[in-house]
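Observations on chain architecture
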Amino acid sequence: MPRYAIISDIHGNLHALHAVLSRMADLDVQEVVCLGDIVGYGPAPSECLDLVVKYCSVIVRGNHDEAVVDMRCASEFNGAARQAIHWTHQVLGPMHHDALNRLKYVEVLEDTVTCIHDCPAPGPSDYVHDSVMAALAFNGMETPICLLGHTHVPVVFEAPPRTNAPVSPGKVIAHLPHDGEPIMLEREHRYICNPGSVGQPRDADPRASFAVLDTDAMTFTMHRESYDIAGAQAETQRVGLPNILAERLAIGA
Ligand code: ZN
């Protein structure tokens, strides 16, 4: 079974995506999985979508990907995000709209790894940020591992082996990943793994974030990669996207 590179929340940041793809070349990965939000916020949606389609064997649909092709969803976003969705909708051509439209919400690897952008269970929020939401997600999961993004914060949640009783938040352990340090996944336990965001990290570390899932060694390893943030900011400003979307890249927020 292969080693998978896991990328998510690229958000049209080509500078960050290039840096991550070239780092991956050193990490002996056989397949690349994308957890969605390829576009939205950033100035290079077409180029990012082309690279994701070229390199990823599995891609799921994010909420920004969806809003760009179905503008009825755009009203749910805040001002700068909504402006970026309108801008992205206009600059993408019909082939790119079609590529986004064909993405599924959920894909499953090896019958054991669910790939989804946000949360595998309906609830009060679709952001799996804490043990309350993670418990809800575990109770909606049918595989031992779920890969998800959406929060732009790397984390691994662990739950004990499945029983007939639902998982309670007190039983969930949160592991904070460190750059290059594998987190061991125990065979009988269950995991929700978030690789963080390639193009707009929000954990106060502005470097691009991604991860490697090794289903033989049973490890999940987050990696951080520096990239040309000033270049990404200049491009964001050049195309006329809101300034806040450039500024936040420098602080990882
Ligand atoms: Zn996102």
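The following refers to the structure shown.

About the thresholds
Residues numbered from 1 in each chain as written. Predicted model: local features only at pLDDT ≥ 70, side-chain atom pairs only at ≥ 80, totals over all residues. Heavy atoms only, no water. 1 Å grid on protein atoms, 1.4 Å probe; cavity = no way out; pocket = protein on both sides within 12 Å on 5 of 7 lines; lining within 4 Å. Points joined across faces, edges and corners; volume = space filled by probe spheres on them. Helix = DSSP H or I, 4+ residues; strand = E, 2+ residues; numbered from the N terminus. Nonpolar A, V, L, I, M, F, W, Y, C, P; charged D, E, K, R; others polar. Buried < 20%, exposed > 50% of the residue type's maximum accessible area, 1.4 Å probe, protein only. Pairing = 2+ DSSP bridges. Donors = N, O, S within 2.8 Å, 3.2 Å for Na, K, Ca; no water. Tetrahedral: all angles 85-135°; square planar, octahedral: opposite > 155°, others 65-115°. Contact = heavy atoms within 4.5 Å.

**Description of the layout of surface pockets**
- Considered as a void within the structure, the largest pocket measures approximately 400 Å³ in volume.
- Lining the largest pocket are 22 residues, with N63, H64, F77, D126 and H150 positioned closest to its centre.
- In terms of residue count, helix 3 (residues 63-69) provides more of the lining of the largest pocket than any other element does, 3 residues in total.
- Class assignment of the residues belonging to the lining of the largest pocket gives a composition of 7 nonpolar, 8 polar and 7 charged.

**Some details on the pairing of strand 7 (residues 155-159)**
- Along strand 7, 5 of the 5 residues are buried, which leaves the element largely enclosed by surrounding structure.
- Neither face of strand 7 is left uncovered, since the one carrying V155, F157 and A159 and the one carrying V156 and E158 both have all their residues buried.
- Pairing between strand 7 and strand 10 (residues 190-194): 5 bridges, direction antiparallel. By the bridge assignment for strand 10, F157 is matched with I192.

**Section: the coordination of the zinc ion**
- At 2.0 to 2.4 Å from the zinc ion lie its protein donor atoms, namely D9 (OD), H11 (NE2), D37 (OD) and H152 (NE2).
- Classification of the site at the zinc ion as irregular follows from its 4 donor atoms and the range of 86 to 176 degrees in their angles at the metal.
- Ordering the donors of the zinc ion by residue number gives the pattern D-x1-H-x25-D-x114-H. A residue pair is termed long-range when its members are at least 10 positions apart, and D37 in the loop between strand 2 (31-34) and helix 2 (45-55) and H152 in the loop between strand 6 (145-147) and strand 7 qualify at 115 residues. The pair formed by D37 and H152 is uniform in burial state, with each residue classed as buried.

**Comments concerning the side chain of H11**
- Tracing the backbone shows H11 in the loop between strand 1 (3-7) and helix 1 (14-24).
- Look at H11 and you get buried, because its relative accessible area is 2%.
- Every residue in contact with H11, bar those within four places of it in the chain, is listed here: D37, I38, V39, G40, Y41, G42, H64 and H152.

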